[in-house]
Amino acid sequence: MATEAIALDAGSKARRGFLLALGAYLLWGLLPFYMKAVAHLPLAEVIAHRIVWSVPIAAAVLVWAGRTADFKAAIRSPRTIAMAALTAALISVNWGIYVWAIAVDRTVETALGYYINPLVNVVVGALLLGERLDKLQIAAVALAAIAVAVLTIEGGKLPWVSLALAFSFAAYGFFRKTLPIGPSQGFLLEVLLLSVPALFYIVYLIATGQDHVVSSNGTDTALLIGCGPVTSVPLLLFAFGAKLLRLSTIGIMQYIAPTMVFLIAVLIFDEPFGTTQAVAFALIWTALAIYSWSMLMTARRAAAR
């Protein structure tokens, strides 16, 4: 009976984790619609409001979860503050590129960037953490490199939007692991640090009449305030969901959002998608299938021990 109870509890946690993570990925997948709605607003102002309005939500969740003690300990550590400042800078760069790319009709490139990201993580792990790559992972990375080469040769330049998104998020994930606090505490610390310059910038805009939250119409005001929830809610859902799921499950689910973004870009935003892009995406999808298979095999071998 005790064994059955443990199994049922584990199953319940897994289902809850799946639903939380699914909610996060679906919200991320739909995010281009919101970013397109704020595309007429200045990029820096949008980023500033993403930061500032995320603070109360992140703080409320931390209080609700009863994890304020960890956060108080973290803000007393200069090393933790310094590392959080670095991760905050990296995620703000990622946000800025993402918002800009959607505003200028380069959403397909953002989807490609987040498809490439898991493979970039593999390379980062091998180069910086000494993790060994198996043959399937090497093949997946090679296919991704070929896809980037195809786009570079055809376009005459590197697909920098995709690469910048992939590498900035990989760097964020790498350094985020060094923070000795949980995901929700880390997110609050990051947005708190970013909120200092963001608040100064918003106050400056309001004082000079250049803002779109006080001096503009109600629609722009609502959109800017809404930047907080659309930023923080999926991140927090993912943070809580990931704790309850196996890494292999998260690895498969992470393709939901870029697939949605890709379909939105091509079918709804009507962005160009020619033969070259089709070849590149086919290579990336093949690489991800190989990578996912390798990850599942690794997880099965670990479970069998």
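Keep in mind that what you see is a predicted model, and the values were worked out from it rather than measured. (Residues numbered from 1 in each chain as written. Predicted model: local features only at pLDDT ≥ 70, side-chain atom pairs only at ≥ 80, totals over all residues. Heavy atoms only, no water.)

1. Brief notes about the packing of aromatic side chains
The test is simple: Only centres within 6.5 Å qualify two rings of Phe, Tyr or Trp (six-membered ring in Trp) as a pair; their planes then separate them into stacked at under 30 degrees, edge-to-face at over 60, and tilted for everything else. Secondary structure elements follow DSSP: runs of H or I no shorter than four residues count as helices, runs of E no shorter than two count as strands, and numbering proceeds from the N terminus. Accessible area is worked out with a 1.4 Å probe on protein chains only. A residue is then buried under 20% of its type maximum, exposed over 50%, and partly exposed in between.
Scanning the model with the defined rule gives 17 aromatic pairs in all. Judged by centre distance (5.6 Å) and plane angle (65°), the ring pair of Tyr25 and Trp28 falls under edge-to-face. Taken together, the positions of Tyr25 and Trp28, both in helix H1 (residues 2–37) and three residues apart, correspond to about one turn of that helix. Its relative accessible area of 5% is what places Tyr25 among the buried residues. Overall, Trp28 belongs to the partly exposed group, its relative accessible area being 23%. With centroids separated by 6.4 Å and ring planes inclined at 80°, the aromatic side chains of Trp64 and Phe240 adopt a geometry described as edge-to-face. Taken together, the residues span a long stretch of sequence, with Trp64 in helix H3 (residues 54–65) and Phe240 in helix H10 (residues 218–242) at a distance of 176 residues. Given the relative accessible area of 24%, Phe240 is considered partly exposed.

2. Things to note about a nonpolar patch on the surface
Using the following cut-off: To count toward a patch, a residue needs a relative accessible area over 30% and no salt bridge; like charges are then connected within 9 Å, while nonpolar side chains (Val, Leu, Ile, Met, Phe, Trp, Tyr) are connected within 5 Å. Only the protein chains shown count as cover for residues, and the accessible areas themselves come from Shrake-Rupley with a 1.4 Å probe. The term salt bridge refers to a pairing of a side-chain nitrogen on Lys or Arg with a carboxyl oxygen on Asp or Glu at a separation within 4 Å.
Residues Leu30, Phe33, Leu263, Leu267 and Ile268 make up a contiguous nonpolar surface patch of roughly 480 Å² in combined accessible area. If one sorts the elements of the nonpolar patch by residue count, helix H12 (residues 256–268) sits on top with three residues. Residue position: Leu30 is located in helix H1.

3. Regarding the environment of Ala111
As a reminder of what qualifies: The contact criterion used is simple: two residues touch if any of their non-hydrogen atoms lie within 4.5 Å.
Considering the arrangement of structural elements, one finds Ala111 in helix H6 (residues 107–128). Of the residues examined, Ala111 reaches a relative accessible area of 1% and is grouped as buried. Distance from Ala111 to Pro183, taken between C-alpha atoms, is 24 Å for residues 72 residues apart in sequence. Residues in contact with Ala111, not counting those within four places in the same chain, are Pro258, Val261 and Phe262.

4. Examining the side chain of Glu190
Looking at the secondary structure, you find Glu190 in helix H9 (residues 183–207). Look at Glu190 and you get buried, because its relative accessible area is 1%.

5. A few points about the packing of H6 against H12
Our working rule: For helices, the fitted axis covers only the stretch in contact; all axes are lines through C-alpha atoms, and the angles between them, taken along N-to-C directions, range from 0 to 180 degrees. We call two directions roughly parallel when the angle between them is under 35 degrees, roughly antiparallel when it is over 145, roughly perpendicular when it lies between 65 and 115, and oblique otherwise. A crossing counts as left-handed when the near helix is turned anticlockwise from the far one by less than a right angle, and as right-handed when that turn is clockwise. Put simply, Ala, Val, Leu, Ile, Met, Phe, Trp, Tyr, Cys and Pro go in the nonpolar bin, Asp, Glu, Lys and Arg in the charged bin, and everything else, Gly too, in the polar bin.
Following both chains from N to C, one finds H6 and H12 inclined at 165°, their axes separated by 8 Å at the closest point. The orientation of H6 relative to H12 falls into the category roughly antiparallel. In terms of crossing hand, the pair formed by H6 and H12 is left-handed. Two secondary-structure elements touch here, H6 through Thr107, Val108, Thr110, Ala111, Tyr114 and Tyr115 and H12 through Pro258, Thr259, Val261, Phe262, Ala265 and Val266. Here the contact of H6 with H12 is built from residues that sort into nine nonpolar, three polar and no charged.

6. As for H9
The test is simple: Each helix should span, by expectation, one fewer than its residue count multiplied by 1.5 Å. To get the bend at a residue, fit one axis to the 7 residues ending there and another to the 7 starting there, then take the angle between the axes.
Counted at 1.5 Å a residue, the expected span for H9 with its 25 residues is 36 Å, and the 35 Å between its end C-alpha atoms agrees. The sharpest bend along H9 reaches about 40° and sits at Ser195, with the proline Pro197 one to four residues further on. Looking at the residues trailing H9, positive phi occurs at Gly209, about 70°.

7. Some points on the environment of Asp70
To be explicit about the condition: For this analysis, a polar contact is any N or O atom pair within 3.5 Å, provided that within protein one partner can donate a hydrogen and the other can accept it, and provided that sequence-adjacent residues contribute only side-chain to side-chain pairs.
With respect to the secondary-structure elements, Asp70 resides in helix H4 (residues 68–74). Judged by its relative accessible area of 30%, Asp70 falls in the partly exposed class. For the pair Asp70 and Gly182, spaced 112 residues apart in sequence, the C-alpha separation works out to 8.3 Å. Ignoring anything within four residues of it in the chain, the contact list for Asp70 reads Ile181 and Gln185. Within the local environment of Asp70, its side chain forms a polar contact with the side chain of Arg67, the two groups lying 2.4 Å apart. Side chain to side chain, Asp70 and Gln185 meet in a polar contact 3.2 Å long.

8. As for helix H8 (residues 160–176)
Helix length check: H8, at 17 residues, gives a terminal C-alpha distance of 23 Å against a target of 24 Å (1.5 Å per residue), a fit within 8%. Within H8, burial applies to Val161, Ser162, Leu163, Leu165, Ala166, Ser168, Ala170, Tyr172 and Arg176.

9. Section: the layout of surface pockets
How we decide: Put simply, the grid is 1 Å and covers the protein atoms alone, a cavity is a trapped set of points that fit a 1.4 Å probe, a pocket is an open set with protein on both sides within 12 Å along at least five of seven lines, and lining residues have an atom within 4 Å of a point. Grid points are joined across faces, edges and corners, and a volume is the space filled by probe spheres set on the points.
The space that makes up the second largest pocket amounts to roughly 400 Å³. Around the second largest pocket, the lining is made up of 19 residues, and of these Arg106, Glu109, Leu151, Pro159 and Gln277 lie nearest the centre. Every element with two or more residues in the lining of the second largest pocket is listed here: H6, helix H7 (135–155), H8 and helix H13 (275–304). It is H13 that contributes the most residues to the lining of the second largest pocket, four residues altogether. Counted by class, the lining of the second largest pocket contains nine nonpolar, four polar and six charged residues.

10. With respect to the side chain of Thr221
Summarising the element assignment, Thr221 is placed in helix H10. Of note is the side chain of Thr221, whose polar atom sits 3.2 Å from the backbone oxygen of Asn217. In this structure, Thr221 is in contact with His212, Val213 and Ser216, ignoring residues within four places of it in sequence.

Honestly, it's all geometry; don't read function into it.
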